[in-house]
Amino acid sequence: MRAALVEAGVPDSIIHCDYAGLRTLDSVVRMNEIFGQDSFIVVSQEFHNERAVFLAQNYGLTAYGYNAKDLSLNRSSYRTKIRELFARVKVFVDIATGKEPKYLGEKIKI
């Protein structure tokens, strides 16, 4: 993703990768706790953006989803849709149980 952004003209100096964002919950919480942001844009497929924005709102953050173009349906996309069904259920389980990110780490000023 970083290489594609640089190739598209985004300066490398303003790109910050979240290497410990192992799942959506981790990335959303880390945006505030590690990167100090309380408002951000998530660029992903629509189904993922819906979940990420919902999580952000649950944590009192402002998130906007920018929907990337969906790829054509194939065998892999059906697995993704099934996985997403389980991920949506897990969002509510995580909220109900107070699930925290696996890794937080040191703050990164951006």
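Residues numbered from 1 in each chain as written. Predicted model: local features only at pLDDT ≥ 70, side-chain atom pairs only at ≥ 80, totals over all residues. Heavy atoms only, no water.

**Structural notes on the overall build of the chain**
A tally of regular secondary structure across the chain gives four helices and two strands. On the principal axes, the C-alpha backbone points of the chain span a range of 40 × 35 × 20 Å. Restricting to contacts in the chain with at least 6 residues of sequence separation, those with at least 24 account for 57%. Split by element, the accessible area of the chain, about 8,000 Å² in all, is 58% carbon and sulfur. For the chain, the separation between the mean place of its 15 positive charges and that of its 13 negative charges on side chains is 7 Å. (Helix = DSSP H or I, 4+ residues; strand = E, 2+ residues; numbered from the N terminus. Contact = heavy atoms within 4.5 Å. Areas by Shrake-Rupley, 256 points an atom, 1.4 Å probe, with all protein chains shown as cover. Lys, Arg positive; Asp, Glu negative; His and termini not counted. Charge placed at Lys NZ, Arg CZ, Asp CG, Glu CD.)

**Section: the nonpolar core**
Among the nonpolar cores identified, the biggest contains 12 residues, and these are L25, V28, V29, F40, V42, A52, V53, L55, A56, L61, A63 and V91. Of all the secondary-structure elements, those providing two or more residues to this core are α2 (24–33), β1 (39–44) and α3 (46–58). When residues in this core are grouped by element, the largest group, four residues, is from α3. For L61, the contacting residues outside a window of four places in its chain are V28, N32, Q37, D38, F40 and A56. (Core = buried A, V, L, I, M, F, W, Y, C linked by side-chain atoms within 4.5 Å. Buried < 20%, exposed > 50% of the residue type's maximum accessible area, 1.4 Å probe, protein only.)

**A word on α3**
End to end, α3 covers 18 Å across 13 residues, agreeing with the expected 18 Å (1.5 Å per residue, within 8%). Every buried residue belonging to α3 is among H48, N49, R51, A52, V53, L55 and A56, and all of these are buried. At the C-terminal side of α3, G60 shows a positive phi close to 75 degrees. (Expected span 1.5 Å × (residues − 1).)

**Notes on the pattern of salt bridges**
Under the criterion given, the structure shown has eight salt bridges. D12 is the salt-bridge partner of R2, the closest N and O atoms lying 2.8 Å from each other. Of this pair, R2 sits in helix α1 (residues 2–7) while D12 is found in the loop between α1 and α2, placing the two residues 10 residues apart along the sequence. Residue classification places R2 among the partly exposed residues on the basis of a relative accessible area of 29%. Judged by relative accessible area, which is 41%, D12 ranks as partly exposed. Among the ionic pairs, E50 bridges to R88, the shortest N-O distance being 2.5 Å. (Salt bridge = Lys/Arg side-chain N within 4 Å of Asp/Glu carboxyl O.)

**Quick word on the pairing of strand β2 (residues 62–67)**
In the sheet, β1 pairs with β2 via six bridges, with the strands oriented parallel. By the bridge assignment, S39 is partnered in β2 with T62. (Pairing = 2+ DSSP bridges.)

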